[in-house]
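One-letter residues, chain by chain:
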Amino acid sequence: MKEGVKTLLHAKSGEMVRVQDILGGRKMRNRLMELGVMEGTPVKVYSNEGGPLIILVGNSRFALGQGVAQKVTVK
Amino acid sequence: MLGRTNLEGDWGMGPIELALAGNPNTGKTCIFNNLTGARQNVGNWPGVTVEKKEGTIPFQGRSVKLVDLPGAYSLSSFSEDEAVARQYLVNNSANAVINVVDSCNLRRNLYLTLQMMEAGANVVIALNMMDEACRSCINIDVEKLAALFGVPVVPTVAAKGQGMQEVVQAAVDRATGPRRPFKIEYGPALEKPLAELEKSIRSTAGLDKKYPSNRWLALKVLEEDEGVIEEVKEVAGGRAILARAERARAALAQKGVKADSVLIAKRYEYIDSLVAQCASEACSTGNVLSDKIDKVATHRLFGIPVFFVVMWLLFEFTFRLSGPFITLVEDGFSRLGAWLAIALPGMNASGLFTSFVVDGLVAGLGTVMGIVPVLVTLFLGITLLEDSGYMARIAYIMDKPMRVMGLNGKAFIPFLLGFGCNVPAIMSTRTLESKRDRLLAIIANPFISCTARLPVYILFASAFFPAQKMPVVMSLYFIGLALAIITVKVFSKVVPEEKDEVFLIELPPYRLPALKGVVTSLWEKISDFLKRVSTVILAAVIAVWALSSLPYGVEYASRESLAGQVSSFIAPIFTWAGFANWRATVALIFGVLAKEVVVSTLGVVYKAGEGGLGAALAADFTPLSAFSFMTMTLLYAPCIATIATIRSETKSWKWTLIALVYGFGVAWLLSVLVHQVGSIFS
Amino acid sequence: MRIVEIVILATALAFAAWQIYRFFTRGPKCSSCAGCPLNCSSRREG
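Remember, predicted model here, so these are calculated numbers, not experimental data.

What to know about the overall build of chain C
Working step 1: Each helix and strand counted, chain C has two helices and zero strands in total.
Working step 2: Across the 46 residues that make up chain C, the buried fraction comes to 41%.
Working step 3: In the structure as shown, chain C presents an accessible area of about 2600 Å², 67% of it carried by carbon and sulfur atoms.

Written as structure tokens, this is what we have:
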């Protein structure tokens, strides 16, 4: 991965970010998009403390693994 | 076929089939229960329903069939429970689909709605209010929503039973009314290849009639939907269409367009444009209480300790409460047996008949009945974990430890359910997206000690380790858990790894479990168990008694009896494990029918009806061989119901056989190890 | 042995045979519905 690209994994607890792109496999990208996580979606990071993350998308909370978070670039 | 059946027009008074579909956690099952009067378990974690179920609604004198589908976020086949929903919606004959939409997550819920409409379903939206907290925040113009989407919208509060009849009325109207076609424009770049695909589908006889609409199929092949591609491959001319789709995708990719992503994005664009016109959010919600609980429950440091405390409480509660009960019930039955042993001959009953009642029925059933309180408390605990919403958090906090084993947090749930019963536990692996994770979770699951094995531990622990009863019982649970972990580790080396990591689970807001639901669930538990006692367990008791009494004239439960002869032949394989007696062997053999039968068989062959089982066991077992036997019982083979489930879920005899041989091998090795190592020290 | 006893014993044996036959032909059942994500036939009746 290029230097300087921020992913969801780098976001701190409580931070509000906007999704830029979803890298990674087709399956994962489609699943995230179908859940409404796509380019421009605001995501609130509830918790990112070393384990899986908890994020708020719309009104639902999702737990997602670090492997997934690593593939979601954000602004 | 979906929708198309309606082209025939008039339904008259014929049967109507409605389906309930929606995202997980939207209240589908609750609506299903309200309508059909069934008492289906309502859980609060994704994956409560992994198979469709049917019920009937009495509606204005006609019979309306209602099918509840597993929750799904979309019609793509992602995990197998979702595939069940998709399969039904695409291939079956629902006259209308009641789409339960959580009004707090309108946008995401409507994505599924849109997909179903594209697939030609007669959709009726049940706009359900799930979360009290968001009610004040969100404002939806129901009539406008209905007008914009062109489908009836009925507001409901499923938990309070509001809007139920209205939904059915709307769905029945929709089922009998005309079908309205629905189409989203995906823009020129995509419409061109779509039109071409549609055309070639129309000229392929095998496909033209098979799917609800040619456009839907064109979309799916362009999206490269795995499930659909598998099906299309099989049809004559299908491969040509797939090749065409492949070329179209490649052409789009050259222009920098990922067809599947664009289709999803376009659908959301469409939804957003409509939602903006009919719904507004006054405040960015969040369930405040829920978030507060999560601060602790999912805390980086406290999360796991909190979980352990919860589990410890659950087991402590179960054992403390059930221990005395088991003794009480056993005492009662042995008194009854002793009394009958005198009373029956007093009434001129023959020896054989007295033996049937005392050694068979009383001894066999008496030993099993004590388990009822264990079932009640343990399943009460599991039900509460599910209904409250904590289950999804368990998946979250166990993710890190599960990763060490090469699985993700979701895979922990089947293990937890296994403490209740391995059958539903194995079925629940359907929610795991990765086939590899599923297989590993299935193979390791039988080592998790289900409730049916507990009476064996309690019996032996009380008889041989009266002072350390609890530690002994707990140690068996840990042995089971440890072996499940080792099994996953071992098999993860054999089963090839998948790359795409997809740990993703929704954390629904916490909910207070409804008392009514909990009570019915408990009653269900008890009645279900009594049903089993009166059928398969009773049958096993009678069979064991008969085999111990035959051939006619032989001394009851002696080596010369049929059961004695056959089991004595097998028993030597347990010599190194320390329990090479035929009674223990016959109990293990019959225990495969159902694990409770291990204990009931011991009751029958040890004539527990008269003197109680504990004392009789002392003649054949030492504390060490007792522990070895418990280890064997814990691990040796899953019951038949579990074996059948492994077969049906893996769809492979090979893996079923591997699981069985491996399971027995491990059990034998470990009980031999226990006895041999133990012998050195004692 | 009296005739009543013979009848009871015979019935019991027939019952056991029938139950075990049913168990294997109809598919065995799990021990519980609580926590069960499935909707087996016993559930539907309830």
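Back to the text.
Remarks on unusual backbone geometry
Residues and elements named next belong to chain B.
Working step 1: Residue proline 551 follows leucine 550 across a cis peptide bond; omega there is -10 degrees.
Working step 2: Along the chain, the position of proline 551 falls in the loop between α24 (515-549) and α25 (562-570).
Working step 3: One non-glycine residue with positive phi stands out, namely glutamate 224, at about 65 degrees.
Working step 4: Looking at the secondary structure, you find glutamate 224 in the loop between α9 (214-223) and α10 (226-234).
Working step 5: We note that lysine 651 has phi near 50 degrees; this positive angle belongs to a residue other than glycine.
Working step 6: Of note, lysine 651 is situated in the loop between α31 (640-650) and α32 (653-681).
Working step 7: Taking the relative accessible area as the measure of exposure, lysine 651 reaches 61% and is therefore exposed.

Re a nonpolar patch on the surface
All names here are of chain B.
Working step 1: On the surface, a nonpolar cluster with roughly 470 Å² of combined accessible area is contributed by Leu673, Val677, Ile680 and Phe681.
Working step 2: Locating isoleucine 680 in the fold gives a position in helix α32.
Working step 3: Assessed through its relative accessible area of 67%, isoleucine 680 is described here as exposed.

Re the confidence of the model for chain C
Working step 1: In this model, chain C carries an average pLDDT of 64, and 50% of its residues clear a pLDDT of 70 or more.
Working step 2: Counted against residues more than four places away or in other chains, residues 28-46 of chain C, with its pLDDT under 50, gives 72 contacts.

Describing the interface of chain B and chain A
Quoted interface sizes are often the accessible area lost when the parts come together.
Working step 1: Counting residues at the interface gives 40 residues for chain B, matched by 30 residues for chain A.
Working step 2: If you look at where chain B meets chain A, you find five salt bridges.
Working step 3: Of the charged contacts, one joins arginine 29 of chain A and aspartate 260 of chain B as a salt bridge, the two residues approaching to 3.4 Å between their closest N and O atoms.
Working step 4: Here chain B and chain A share 23 residue pairs in polar contact (both at pLDDT 80 or more) between them.
Working step 5: Those elements that provide at least two residues to the side of chain B that touches chain A are α3 (106-118), α12 (259-278), α18 (399-404) and β9 (504-507) of chain B.
Working step 6: With five residues, the single largest contributor to the side of chain B that touches chain A is α12 of chain B.
Working step 7: Bridging between strand β4 (residues 60-64) of chain A and β9 of chain B involves four bridges; their strand directions are antiparallel. Bridge assignment links alanine 63 of chain A to a residue of β9 of chain B, and that residue is isoleucine 505 of chain B.

Notes on the pairing of strand β1 (residues 16-22) of chain A
Residue and element names in this part refer to chain A.
Working step 1: Relative to strand β2 (residues 42-47), β1 is paired through three bridges, and the arrangement is antiparallel. What sits directly across from methionine 16, in β2, is lysine 44.
Working step 2: Where β1 and strand β5 (residues 72-74) come together, three bridges link them in antiparallel fashion. The residue bridging isoleucine 22 from the neighbouring strand is valine 72, located in β5.

Let's talk about the sheet that holds strand β3 (residues 53-57) of chain A
Working step 1: One open sheet accounts for six strands, arranged β5(A)-β1(A)-β2(A)-β3(A)-β4(A)-β9(B); its pairing is antiparallel. Edge positions in the sheet fall to β5 of chain A together with β9 of chain B, since each has one partner strand and no second. Direction aside, the axes of adjacent strands within the sheet are offset by 45 degrees on average.
Working step 2: Helix α1 (residues 26-34) of chain A contacts β1, β4 and β5 of chain A together with β9 of chain B of the sheet and is inclined by roughly 135 degrees relative to β1 of chain A.

Things to note about the packing of helix α14 (residues 303-346) of chain B against helix α15 (residues 351-369) of chain B
Residues and elements named next belong to chain B.
Working step 1: For the pair α14 and α15, the least separation of the axes is 9 Å and the interaxial angle reads 175 degrees. When the interaxial angle is binned, α14 and α15 end up roughly antiparallel. In this structure, α14 uses Val329, Glu330, Phe333, Leu336, Gly337, Leu340, Ala341, Leu344 and Pro345 to contact α15, whose residues at the interface are Thr354, Val357, Val358, Val362, Gly366, Thr367 and Met369.
Working step 2: Residue composition of the contact of α14 with α15, by class: eleven nonpolar, four polar and one charged.

Some remarks on the environment of serine 322 of chain B
Residues and elements named next belong to chain B.
Working step 1: Turning to its location among the elements, serine 322 is positioned in helix α14.
Working step 2: Among the residues examined, serine 322 registers a relative accessible area of 0% and is labelled buried.
Working step 3: Along the backbone, serine 322 and leucine 378 are 56 residues apart, and their C-alpha atoms lie at a distance of 10.0 Å.
Working step 4: Not counting residues up to four positions away in its chain, the partners in contact with serine 322 are Pro373 and Val374.

Concerning the nonpolar core
For soluble globular proteins, the rule of thumb is that nonpolar side chains tend to be buried together.
Residue and element names in this part refer to chain B.
Working step 1: Counting residues in each nonpolar core, the largest one holds 142 residues, and the members touching the most others are Ile394, Tyr457, Phe460, Phe579, Leu602, Phe621 and Phe629.
Working step 2: With 14 residues, α24 is the largest single contributor of residues to this core.
Working step 3: Among all residues touching phenylalanine 579, those that are not within four sequence positions of it are Phe574, Ala584, Leu588, Phe621, Ser625, Ser628, Phe629 and Met632.
Working step 4: In this structure, Leu75, Phe182, Leu190 and Leu217 belong to the second largest nonpolar core, which totals 89 residues.

Observations concerning helix α6 (residues 164-176) of chain B
Working step 1: Its 13 residues give α6 of chain B an end-to-end C-alpha distance of 19 Å, which sits within 8% of 18 Å, the value for a rise of 1.5 Å per residue.
Working step 2: Within α6 of chain B, the full set of buried residues consists of Met164, Val167, Val168, Ala170, Ala171, Val172, Arg174 and Ala175 of chain B.

Let's talk about the pattern of salt bridges
Working step 1: Inspection of the entire model under this criterion finds 27 salt bridges over all chains.
Working step 2: Across the pair lysine 6 of chain A and glutamate 15 of chain A runs a salt bridge whose closest N-O atoms are separated by 2.5 Å.
Working step 3: Using a relative accessible area of 24% as the deciding quantity, one classes glutamate 15 of chain A as partly exposed.
Working step 4: Linked by salt bridges that have partners in common, Arg86, Glu118, Lys220, Glu223, Asp225, Glu231 and Arg267 of chain B make up one network.

As for the environment of alanine 69 of chain A
All names here are of chain A.
Working step 1: Along the chain, alanine 69 falls in helix α2 (residues 66-69).
Working step 2: Residue class for alanine 69 comes out buried when judged on its relative accessible area of 0%.
Working step 3: Placed 58 residues apart in sequence, alanine 69 and alanine 11 show a C-alpha to C-alpha distance of 9.5 Å.
Working step 4: The residues contacting alanine 69, other than those within four sequence positions of it, are Thr7, Leu8, Leu9, Leu53 and Leu64.

Remarks on the confidence of the model for chain A
Working step 1: In the predicted model, chain A carries a mean pLDDT of 86, and the fraction of residues at 70 or more is 95%.
Working step 2: Put simply, α1 of chain A is where chain A has its lowest mean pLDDT, 86, and β1 of chain A is where it has its highest, 91.

Some remarks on the pairing of strand β5 (residues 123-128) of chain B
Residue and element names in this part refer to chain B.
Working step 1: Along β5, six of the six residues are buried, which leaves the element largely enclosed by surrounding structure.
Working step 2: Across the two faces of β5 the burial is the same, with Val123, Ile125 and Leu127 and Val124, Ala126 and Asn128 all buried.
Working step 3: Inspection of the sheet shows strand β4 (residues 96-102) paired to β5 by six bridges, in the parallel sense. Paired with isoleucine 98 across the strands is valine 124, a residue of β5.
Working step 4: Regarding the hand of the β-α-β motif, the stretch spanning β4, α3 and β5 is right-handed.
Working step 5: Inspection of the sheet shows β5 paired to strand β7 (residues 153-156) by four bridges, in the parallel sense. Paired with asparagine 128 across the bridge in β7 is threonine 156.

Rules of the game
- Residues numbered from 1 in each chain as written.
- Chains lettered and ligands numbered in written order.
- Predicted model: local features only at pLDDT ≥ 70, side-chain atom pairs only at ≥ 80, totals over all residues.
- Heavy atoms only, no water.
- Helix = DSSP H or I, 4+ residues; strand = E, 2+ residues; numbered from the N terminus.
- Buried < 20%, exposed > 50% of the residue type's maximum accessible area, 1.4 Å probe, protein only.
- Areas by Shrake-Rupley, 256 points an atom, 1.4 Å probe, with all protein chains shown as cover.
- Patch = residues over 30% accessible without salt bridge, like charges linked within 9 Å, V, L, I, M, F, W, Y side chains within 5 Å.
- Salt bridge = Lys/Arg side-chain N within 4 Å of Asp/Glu carboxyl O.
- pLDDT = per-residue confidence, 0-100.
- Contact = heavy atoms within 4.5 Å.
- Polar contact = N/O pair within 3.5 Å; in protein donor to acceptor, adjacent residues only side chain to side chain.
- Pairing = 2+ DSSP bridges.
- Axes fitted to C-alpha atoms, helices over the stretch in contact; angles between N-to-C directions.
- Parallel < 35°, antiparallel > 145°, perpendicular 65-115°, else oblique.
- Nonpolar A, V, L, I, M, F, W, Y, C, P; charged D, E, K, R; others polar.
- Core = buried A, V, L, I, M, F, W, Y, C linked by side-chain atoms within 4.5 Å.
- Expected span 1.5 Å × (residues − 1).
- Right-handed = clockwise from strand over helix to strand, strands pointing away.

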